[in-house]
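Residue-level structural notes
Okay, here's what each chain looks like letter by letter:
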Amino acid sequence: MASPFQTRKKAVDLAAPVSRGSRIRRDPPPPVKEIAPGEIEERDAQTIVIGIVTFALAFVIILFGFGQAAGWSPSQYTIEIRRSS
């Protein structure tokens with residue numbers, strides 16, 4: 001018959017006084033920054049304006065791209081300015 005494996009761990013003596021090891025000390029988390037409702041509305045308004053301008057710019061670029069593909073160019077038009085006196 002085979003003999004049981006020998007464990008290499010030492011037995012724990014629960015009656016011995018407990019010596020604590022080092023404890024990691026961490027800084028407390030920073031306080032939560034409170035945001036005023038006005039700041040949230042201002043940030044939302046800026047985001048909306050940036051989104052609208054970006055979409056309009058992309059639309060203009062796509063429009064000019066299709067115009068170039070179709071052979072259209074703004075140089076085909078002549079603007080005449082007449083002064084009325």
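Notes on the structure in this doc start here. (Residues numbered from 1 in each chain as written. Predicted model: local features only at pLDDT ≥ 70, side-chain atom pairs only at ≥ 80, totals over all residues. Heavy atoms only, no water.)

Here's the deal with the overall build of the protein chain
Within the protein chain, the secondary structure is distributed over one helix and zero strands. Compactness check: the protein chain gives a C-alpha radius of gyration of 38 Å against a globular reference of 12 Å for 85 residues, more than 25% above the reference. Counting only residues that meet the buried cut, the protein chain has 1% of its 85 residues in that class. Accessible area for the protein chain stands at about 9,700 Å²; split by element, carbon and sulfur atoms hold 62% of it. (Helix = DSSP H or I, 4+ residues; strand = E, 2+ residues; numbered from the N terminus. Rg over C-alpha atoms; globule rule 2.2 N^0.38 Å. Buried < 20%, exposed > 50% of the residue type's maximum accessible area, 1.4 Å probe, protein only. Areas by Shrake-Rupley, 256 points an atom, 1.4 Å probe, with all protein chains shown as cover.)

Let's talk about the pattern of salt bridges
Evaluation of the coordinates by the stated rule reveals one salt bridge. Close ionic contact of R82 with E80 constitutes a salt bridge, the shortest N to O distance being 3.7 Å. Here R82 falls in the exposed class, since its relative accessible area comes to 72%. (Salt bridge = Lys/Arg side-chain N within 4 Å of Asp/Glu carboxyl O.)

Some thoughts on helix α1 (residues 37–70)
Its 34 residues place the ends of α1 50 Å apart at the C-alpha level, agreeing with the 50 Å of an ideal helix rising 1.5 Å per residue. Little of α1 is tucked away: one of the 34 residues are buried. At the C-terminal side of α1, G71 shows a positive phi close to 95°. (Expected span 1.5 Å × (residues − 1).)

Focus: the environment of P29
Here P29 is to be found in the segment before α1. Between the alpha carbons of P29 and S84 there is a distance of 73 Å; along the sequence they are 55 residues apart.

Digging into a nonpolar patch on the surface
There is a patch of nonpolar side chains on the surface, built from F59, V60, L63, F64, W72 and Y77 and spanning about 640 Å² of accessible area. Mapping F59 onto the fold places it in helix α1. (Patch = residues over 30% accessible without salt bridge, like charges linked within 9 Å, V, L, I, M, F, W, Y side chains within 5 Å.)

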